[in-house]
Amino acid sequence: MLLEQILRCSDVFDIFNWTSSFEPSQERKATNVQVAIIGAGAVGKWLAGIHMQAGVKTGLICKNSQQAKAVQQSGIQVMDTVSGRTNEYPVDCIAWEHVTAATVAAVKVWIVSVKTYQWPVFYELWSRNVEPFLQASPLVVAVHNGFVDYRQVSPKIAARRIIRSVLTYGVTAEEARSVQIRGNGVWTLEQPSDLHDSQTFQNWVEAIKPRVNITVTSDIDSAIWRKLLVNSCVNPVTALAKLENGVAWENPHAHPMMVALAKEAQEVSRLKYGMELVELLPYIQQVCTDTYYNRSSMLQDLLAGRKTEIDALNGRILQLAKEYGLKAMHHQIMYDLIKAQE
Ligand SMILES: NC(=O)C1=CN([C@@H]2O[C@H](COP(=O)(O)OP(=O)(O)OC[C@H]3O[C@@H](n4cnc5c(N)ncnc54)[C@H](OP(=O)(O)O)[C@@H]3O)[C@@H](O)[C@H]2O)C=CC1
Ligand SMILES: CC(C)(CO)C(=O)C(=O)O
């Protein structure tokens, strides 16, 4: 019933003065949810493709005009290595300085897909370019690995509504315009607590649900923590060994390191959340198997010469281990070796 209602609402309007010739097909019916994705990286571009496939008016917001122009001119290419299909999307892309009051008024859902350490700069740009034009409280969905203290890095957003989420899909950025889906997963979203948000949230989720596996949970803290544990065991090992996730899990040298990291992480986890290793190792195995040929985001970072998210992952485990008086030698080694390469 709800989906029918959404599909009848075809009075969409351009969020970025959309001029592209992309027309939703019969299957890709237009919806009345406008979405802006901040960060045209691997995840941002993939999500833009998902939304456009679903007929959702979608725009990307890039860090600078150069990147925005490149994406605007060439569009994005999303290759699904699981299904073997490649799709092109002429997605609208603008830089922060071109965000206008009309853009802000049109966007219903803002998806932030920047790295954990990029949140402070994102917030600065948001405060300057979006905050002054906000008339209603929008939904802001955060997609990242690891822990971000939103109250500290983005107080105004944290004070309103933020939908936290975790993603277990594997997405590798190939070139500036193209991304490859290298493994299926789930996008776990926090259930909005506020009734006012529920309708927009539901409309948005219903629109994209046919294109991406979505789970909505009222216990996002556990989901974020479980994913942090997985990333702290998988990402540094794959990044240092330069192996894809599934290949690393099966490698006789990399695998024992993942298990040693999991044992230490489990000790911390047991004290903080009561999670046992019997649950953690199968979860790591599942993520590595499901994203077998994916390069972890940390491996992609090192290959591209970027800073990694090690502070938000193993750094967080080390911080908690210290608080609980535990030793986490393997996490310390991974932390130091990754830092040495940044
Ligand atoms: N790739 C994967 O398989 C998965 C990734 N994740 C998580 O999702 C998050 C995003 O990952 P991913 O897409 O791989 O990372 P990328 O580094 O590929 O993408 C982040 C993008 O955001 C851009 N950016 C940074 N700051 C801003 C800003 N203020 N405004 C606009 N754009 C900005 C970056 O530009 P620039 O590069 O120029 O800084 C980059 O293009 C990470 O936390 C990652 O851990 C989670 C699951 C899977
Ligand atoms: C799910 C996984 C492990 C996919 O590679 C990921 O979260 C990452 O690369 O950061």
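Under the annotation held in an unreviewed UniProt entry, the protein chain carries the name 2-dehydropantoate 2-reductase and is attributed to Fodinisporobacter ferrooxydans. In its Sequence similarities (unreviewed entry) section, UniProt records this for the protein chain: "Belongs to the ketopantoate reductase family." Under the Pathway (unreviewed entry) heading, UniProt states for the protein chain: "Cofactor biosynthesis; (R)-pantothenate biosynthesis; (R)-pantoate from 3-methyl-2-oxobutanoate: step 2/2."

Participant: Explain the site of ligand 1 to me, using residue names and the numbers behind them.
Facilitator: Of all residues adjacent to ligand 1, which total 30 residues, the nearest are Val 43, Lys 63, Trp 96, Asn 145 and Glu 309. Interatomic distance of 3.1 Å between a backbone N/O atom of Ala 42 and an oxygen atom of ligand 1. For ligand 1, an oxygen atom lies 2.5 Å from a polar atom in the side chain of Glu 309. About the coverage of ligand 1: the protein hides 91% of its 890 Å² of free accessible area. If you list the elements that add at least two residues to the shell around ligand 1, you get α2 (42-53), β2 (57-62), α5 (119-129) and α13 (297-303). Considered class by class, the residues forming the shell around ligand 1 number 14 nonpolar, eleven polar and five charged. Structurally, the shell around ligand 1 is a two-domain feature, drawing no fewer than three residues from each of domain 1 (2-218) and domain 2 (222-341).

Participant: Can you tell me about the nonpolar core, naming the residues and giving the values?
Facilitator: Trp 46, Ile 111, Trp 187, Leu 189, Trp 204 and Ile 208 are the most contacted members of the largest nonpolar core, which totals 42 residues. Among the elements that line this core, the one with the most residues is α2, at six residues. Beyond its immediate stretch of four places on either side in the chain, Trp 204 contacts Val 33, Val 35, His 51, Val 109, Ile 111, Val 141, Trp 187 and Leu 189. Leu 229, Leu 313, Met 334 and Ile 338 belong to the second largest nonpolar core, which has 35 residues in total.

Participant: Mind laying out the environment of Arg 270, listing which residues take part and the relevant values?
Facilitator: Along the polypeptide, Arg 270 turns up in helix α11 (residues 254-272). Reaching out from Arg 270, the side chain makes a polar contact with the side chain of Glu 267 at a distance of 2.9 Å.

Participant: Give me the lowdown on the side chain of His 51, citing residues and values where you can.
Facilitator: As for its position among the elements, His 51 is in helix α2. Of note is the side chain of His 51, whose polar atom sits 2.9 Å from the side chain of Trp 204. Apart from residues lying up to four places away in sequence, His 51 is in contact with Val 35, Ile 37, Val 56, Thr 58, Ile 111, Trp 204 and Ile 208.

Participant: Hey, could you go over the site of ligand 2 for me, with residue numbers and the actual values?
Facilitator: Neighbouring residues of ligand 2: Asn 145, Thr 168, Tyr 169, Gly 170, Lys 227, Asn 231, Asn 235, Asn 245, Val 287, Asn 294, Ser 296 and Ser 297. Separating an oxygen atom of ligand 2 from a side-chain N or O atom of Lys 227 is a distance of 2.7 Å. At a separation of 3.1 Å, an oxygen atom of ligand 2 approaches a polar side-chain atom of Asn 235. When the free accessible area of ligand 2 is taken as 280 Å², the share hidden by the protein chains comes to 96%. No other element matches helix α9 (residues 220-241), which puts three residues into the shell around ligand 2. Taken together, the residues of the shell around ligand 2 break down into two nonpolar, nine polar and one charged.

Participant: Mind laying out α9, listing which residues take part and the relevant values?
Facilitator: Over its 22 residues, α9 runs 31 Å from end to end, which matches the ideal 32 Å to within 8%, given 1.5 Å per residue. Along α9, the sharpest kink reaches roughly 30 degrees, centred on Asn 231. Where burial is concerned, most of α9 is hidden: 17 out of the 22 residues are buried. Note on α9: the residue one or two positions beyond its end, Lys 242, has a positive phi of about 55 degrees.

Participant: Residue-level account of the packing of aromatic side chains, with values.
Facilitator: For the structure shown, the criterion picks out nine aromatic pairs. With 6.1 Å between their ring centres and 45 degrees between their planes, Trp 96 and Phe 122 make a pair best called tilted. Highlighted residues: Trp 96 in the loop between β5 (92-95) and α4 (101-106) and Phe 122 in helix α5, separated in sequence by 26 residues. These aromatic residues form a ring-pair network of at least three members: Trp 96, Trp 110, Trp 119, Phe 122, Trp 126 and Tyr 150. Cation over ring: Arg 226 sits above Tyr 283, and NZ or CZ is 4.4 Å from the ring centre. Over the face of the ring belonging to Phe 147 we find Arg 316, whose NZ or CZ atom lies 3.9 Å from the ring centre.

Each value, and the rule that gives it
Residues numbered from 1 in each chain as written. Chains lettered and ligands numbered in written order. Predicted model: local features only at pLDDT ≥ 70, side-chain atom pairs only at ≥ 80, totals over all residues. Heavy atoms only, no water. UniProt positions renumbered as here; feature names shortened; annotations may be inferred. Near = heavy atom within 4 Å. Polar contact = N/O pair within 3.5 Å; in protein donor to acceptor, adjacent residues only side chain to side chain. Areas by Shrake-Rupley, 256 points an atom, 1.4 Å probe, with all protein chains shown as cover. Helix = DSSP H or I, 4+ residues; strand = E, 2+ residues; numbered from the N terminus. Nonpolar A, V, L, I, M, F, W, Y, C, P; charged D, E, K, R; others polar. Domains from an automatic or database assignment. Core = buried A, V, L, I, M, F, W, Y, C linked by side-chain atoms within 4.5 Å. Buried < 20%, exposed > 50% of the residue type's maximum accessible area, 1.4 Å probe, protein only. Contact = heavy atoms within 4.5 Å. Expected span 1.5 Å × (residues − 1). Bend = angle between axes of the 7 residues up to and from the residue. Phe/Tyr/Trp six-rings, centres within 6.5 Å; stacked < 30°, edge-to-face > 60°. Lys NZ or Arg CZ within 6 Å of the ring centre and 35° of its normal.

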